[in-house]
Amino acid sequence: MTSAAAPAARPAGRTTARPALIWAALAVVYVLWGSTYLGIQVAVESLPALASAGLRFAAAAAVLALVLRVRRGAGALRVDRRQLASAALVGVLLLAGGNGLVVLAESGRPGTAVPPGIAALLIAIVPLLVVLLRAATGDRPRFWTFAGVSVGFLGLVLLVLPSGGSAAVPLAGALTVVAGAVSWSIGSLLSGRLRMPADPFVATVYEMIAGAVALAVLAACRGELRDFDPAAVSGRSWLALAYLMVAGSLVAFTAYVWLLHHAPISLVATYAYVNPAVAVALGALLAAEPVTAQVLLGGAVIVAGVALVVSTERPGRPAGAADGTARR
């Protein structure tokens, strides 16, 4: 869900990397996170929505935990109870609420499912929602930040506004994605304010585990596990799920964390408005997703609002504007 907002303030002591490496890592985040929306659509063609999402994060957590254990030793994943509880709460909000609702929205019946490009454009309002949450909790964002929020929400209205007698996107699905964006925004805000594990990779392991458990419980409540038949799953859905595990949850996130330590935050934050463009382009090229004038206009206005918010926020500000744990 993959999924987007400006990154959190970078830890002290960052090192300098060669520009070529920085741009290579940015390209990985741009393309891989932008492609996860299409990957979700293919995965849920024959895989149960929430169960597949839970499996994705459980597998990614296991791989990441194994890597940390091998490279850092037995105590690599040690955290206290407060840190564990904080990571679990953030993981449920980000992955079960944020990503899970996006998966549900993309898994609807034909005519009711949200196309991947539209889902990415709707998720792009996350930085705008985080600004509103900051204001509600006592922070005072700058004037141009609020201006960007206003522009972005105007784009949201344009995107879902009925046109020519029919809705631009399925309204129920669009509201589901927006609900996911709200959950992701709350989790993003809390991740900068709760006592989290100091190592972001360790935090990610516990967030993914908590998200996977919550998704499995919700899948069981929806009857997904009872009705699941592995023999009925297509090869392309299994491949899409493997791609989401590796490309979205491991490779792209690792590149993102590396960028937080080696690149200017203003540059890293550009993923917030490049990912939707990548998702729309891939949807049109590979899934014959229609790109109407209304979609282009609404998407352009949303991206402009996000760009204004990202460019206005000062790099050294606290994590209020940040989505320091963004991953899809």
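Criteria and thresholds
Residues numbered from 1 in each chain as written. Predicted model: local features only at pLDDT ≥ 70, side-chain atom pairs only at ≥ 80, totals over all residues. Heavy atoms only, no water. Patch = residues over 30% accessible without salt bridge, like charges linked within 9 Å, V, L, I, M, F, W, Y side chains within 5 Å. Areas by Shrake-Rupley, 256 points an atom, 1.4 Å probe, with all protein chains shown as cover. Salt bridge = Lys/Arg side-chain N within 4 Å of Asp/Glu carboxyl O. Helix = DSSP H or I, 4+ residues; strand = E, 2+ residues; numbered from the N terminus. Buried < 20%, exposed > 50% of the residue type's maximum accessible area, 1.4 Å probe, protein only. Core = buried A, V, L, I, M, F, W, Y, C linked by side-chain atoms within 4.5 Å. 1 Å grid on protein atoms, 1.4 Å probe; cavity = no way out; pocket = protein on both sides within 12 Å on 5 of 7 lines; lining within 4 Å. Points joined across faces, edges and corners; volume = space filled by probe spheres on them. Nonpolar A, V, L, I, M, F, W, Y, C, P; charged D, E, K, R; others polar. Contact = heavy atoms within 4.5 Å. Axes fitted to C-alpha atoms, helices over the stretch in contact; angles between N-to-C directions. Parallel < 35°, antiparallel > 145°, perpendicular 65-115°, else oblique. Left-handed = near helix turned anticlockwise from the far one by under 90°. Phe/Tyr/Trp six-rings, centres within 6.5 Å; stacked < 30°, edge-to-face > 60°.

### Digging into a nonpolar patch on the surface
Part 1: Together, Leu55, Phe228 and Trp238 make up a nonpolar patch on the protein surface, roughly 250 Å² of accessible area in all.
Part 2: In this structure, Trp238 sits in helix H10 (residues 235-262).
Part 3: Residue Trp238 is classed as partly exposed on the basis of its relative accessible area of 35%.

### Re the nonpolar core
Part 1: Counting residues in hydrophobic clusters, the biggest one holds 93 residues, and the most contacted among them are Ile118, Tyr256 and Leu259.
Part 2: For this core, the element with the most residues is H10, which contributes 13 residues.

### Observations concerning empty space enclosed by the protein
Part 1: As a volume, the largest cavity reaches approximately 50 Å³.
Part 2: For the lining of the largest cavity, the secondary-structure elements that each account for two or more residues are helix H1 (19-43), helix H2 (49-72), helix H3 (81-106) and H10.
Part 3: Ranked by residues supplied to the lining of the largest cavity, first place goes to H2 with three residues.
Part 4: Of the residues belonging to the lining of the largest cavity, the class tally is seven nonpolar, two polar and one charged.

### As for the layout of surface pockets
Part 1: Here the second largest pocket defines a volume of roughly 250 Å³.
Part 2: In this structure, the second largest pocket is lined by 17 residues; those nearest its centre are Gln41, Glu45, Glu106, Ala113 and Pro116.
Part 3: The element that contributes the greatest number of residues to the lining of the second largest pocket is H1, accounting for three residues.
Part 4: For the lining of the second largest pocket, the class distribution of residues is 10 nonpolar, three polar and four charged.

### Considerations on helix H5 (residues 126-136)
Part 1: Restricting attention to buried positions, one finds in H5 the residues Val126, Pro127, Leu128, Leu129, Val130, Val131 and Arg134.
Part 2: Where H5 is buried, its residues meet helix H4 (116-123), helix H6 (143-160), helix H7 (171-191) and helix H13 (293-312).

### As for the packing of H1 against H10
To characterise two packed helices, one gives the angle between the axes of the helices and the distance between these axes.
Part 1: Running from N to C, H1 and H10 point in directions that differ by 150 degrees, and their axes come no closer than 8 Å. Relative to H10, H1 is oriented roughly antiparallel. Here the hand of the crossing between H1 and H10 comes out left-handed.
Part 2: Broken down by class, the residue content of the contact of H1 with H10 amounts to 23 nonpolar, six polar and one charged.

### Digging into the packing of aromatic side chains
Part 1: Counted according to the given criterion, the structure contains four aromatic pairs.
Part 2: Through pairs of rings, three or more aromatic residues link up here, namely Trp33, Phe201, Phe253 and Tyr256.

### As for the pattern of salt bridges
Part 1: This model, assessed by the stated rule, comprises four salt bridges.
Part 2: Put simply, Asp199 and Arg72 hold a salt bridge, and the shortest N to O gap is 2.1 Å. Of the two residues, Asp199 is situated in the loop between H7 and helix H8 (200-221) and Arg72 in helix H2; the sequence distance between them amounts to 127 residues.
Part 3: Here Glu224 makes a salt bridge to Arg222, at a shortest N to O gap of 2.2 Å.

Geometry only, nothing functional implied.
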